[in-house]
Amino acid sequence: MIGVLGSGIGGLTVVRELIKQLPEYDLIYLGDTARAPYGDKSPETVTRWALRNTGFLLNKGATLLVTACNTISSIASETVSKRYDLPVFEVITPGVERALSYSKKLMIGVIGTRTTIESGIYEEKIKQMSPEAKVYSMACPLLVPLVEEGWIKKPETTMIIKKYLHPLKVKQVDTLILGSTHYVRIKKIIQVKIGKRVNIVDTSEPVAAKVEGFLKDNKETERNLGKNGRYRFFVSDLTERDQKLAASIVKRNILLEKGEN
Ligand code: DGL
């Protein structure tokens, strides 16, 4: 089973892409809605929660893990993959690879939660793969709550996005990485505000492609994944609001179940 770990329901944007690219594989999701948002928590706390939640997914039968949250990916993926014996896919590297393949001027902007941006992981990975690249990062802590409130088309949200993106626009980035799973929901407004010539990179598609490529090359792992197209969605705190938001993200009638707490 493919295990997918999110901080809340934002990780479902990655699930949607996994289901699109790999529909036959059984999948189990855990969104830690009881503790989210992770994006303003310390690295120690994010790591502790990520380890514990991975244990939950393993107990439910996950044999491959996608950390479908930029905050978890930037802080805890390495520790998780050292602690547990299963392949772990984080969302940062595929996003960076995609951004570098798009960018002509190597002027890359990154937006994300405060914890992700302060980790410096995007800058580190971009520079590792392309030392001459220039990276401009901006923490956008107000965007996750706006998305979760469904304020996607409100003028206030557009104004806040414009304010956050202004410094990156001034630097004339030619590629912008959406370094939070939530931002996919406001991608269109981000595109308008950063400018239509800027390439926008949403990490959900490249991470799903990465898993697909891995499964082609690793037949034993592939054989051990169930292929009945069964999906289960757990959350550590279950509310009506999350249920509605989850269905609208995955774009199918999914049922959230109460899991680990
Ligand atoms: N999904 C998280 C991320 O991608 C943002 C939400 C949170 O702060 O928990 O960074």
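Residues numbered from 1 in each chain as written. Predicted model: local features only at pLDDT ≥ 70, side-chain atom pairs only at ≥ 80, totals over all residues. Heavy atoms only, no water.

Novice: Quick rundown of the sheet that holds strand β2 (residues 27-31)? Include the residues and the values.
Specialist: One open sheet accounts for 6 strands, arranged β4-β3-β1-β2-β9-β10; its pairing is parallel. Edge positions in the open sheet fall to β4 (88-90) and β10 (256-258), since each of these has one partner strand only. Sheet twist, expressed as the mean angle between neighbouring strand axes with direction ignored, is 25°. Two elements, β2 and strand β9 (residues 231-235), share 5 bridges in a ladder whose sense is parallel. Paired with Tyr29 across the two strands is Phe233, which belongs to β9. (Pairing = 2+ DSSP bridges. Helix = DSSP H or I, 4+ residues; strand = E, 2+ residues; numbered from the N terminus. Axes fitted to C-alpha atoms, helices over the stretch in contact; angles between N-to-C directions.)

Novice: Account for unusual backbone geometry, naming residues and giving values.
Specialist: Residue Pro37 is reached from Ala36 by a cis peptide bond, and omega for that bond is 5°. The backbone phi angle of Gln172 is positive, close to 60°, even though this residue is not glycine. Along the chain, Gln172 turns up in the loop between α9 (155-170) and β7 (175-179). Phi is positive for Lys251, close to 60°, though the residue is something other than glycine. With respect to the secondary-structure elements, Lys251 resides in the loop between α13 (240-250) and β10. Residue Lys251 is classed as exposed on the basis of its relative accessible area of 63%. (Buried < 20%, exposed > 50% of the residue type's maximum accessible area, 1.4 Å probe, protein only.)

Novice: How would you sum up the environment of Ile152? Please name residues and give values.
Specialist: Here Ile152 lies in the loop between α8 (143-148) and α9. What makes Ile152 buried here is its relative accessible area of 17%. For the pair Ile152 and Thr93, spaced 59 residues apart in the sequence, the C-alpha separation amounts to 27 Å. Leaving out residues up to four positions away in the same chain, Ile152 has contacts with Thr157, Arg185, Ile186 and Ile189. (Contact = heavy atoms within 4.5 Å.)

Novice: Describe the nonpolar core, and please don't skip the residues or the numbers.
Specialist: Within the largest apolar cluster, 30 residues are counted, with the highest numbers of intra-cluster contacts made by Val4, Leu12, Leu18 and Val66. Listing elements by their share of this core, those giving two or more residues are β1 (2-6), α1 (12-21), β2, β3 (64-67), α11 (204-217), β9 and α13. Residues within four places of Val4 in sequence aside, it is in contact with Val15, Leu18, Leu27, Ile28, Tyr29, Leu30, Leu57, Leu65, Val66 and Ala68. Ile152, Tyr164, Leu168 and Ile200 belong to the second-largest nonpolar core, a separate cluster that totals 23 residues. (Core = buried A, V, L, I, M, F, W, Y, C linked by side-chain atoms within 4.5 Å.)

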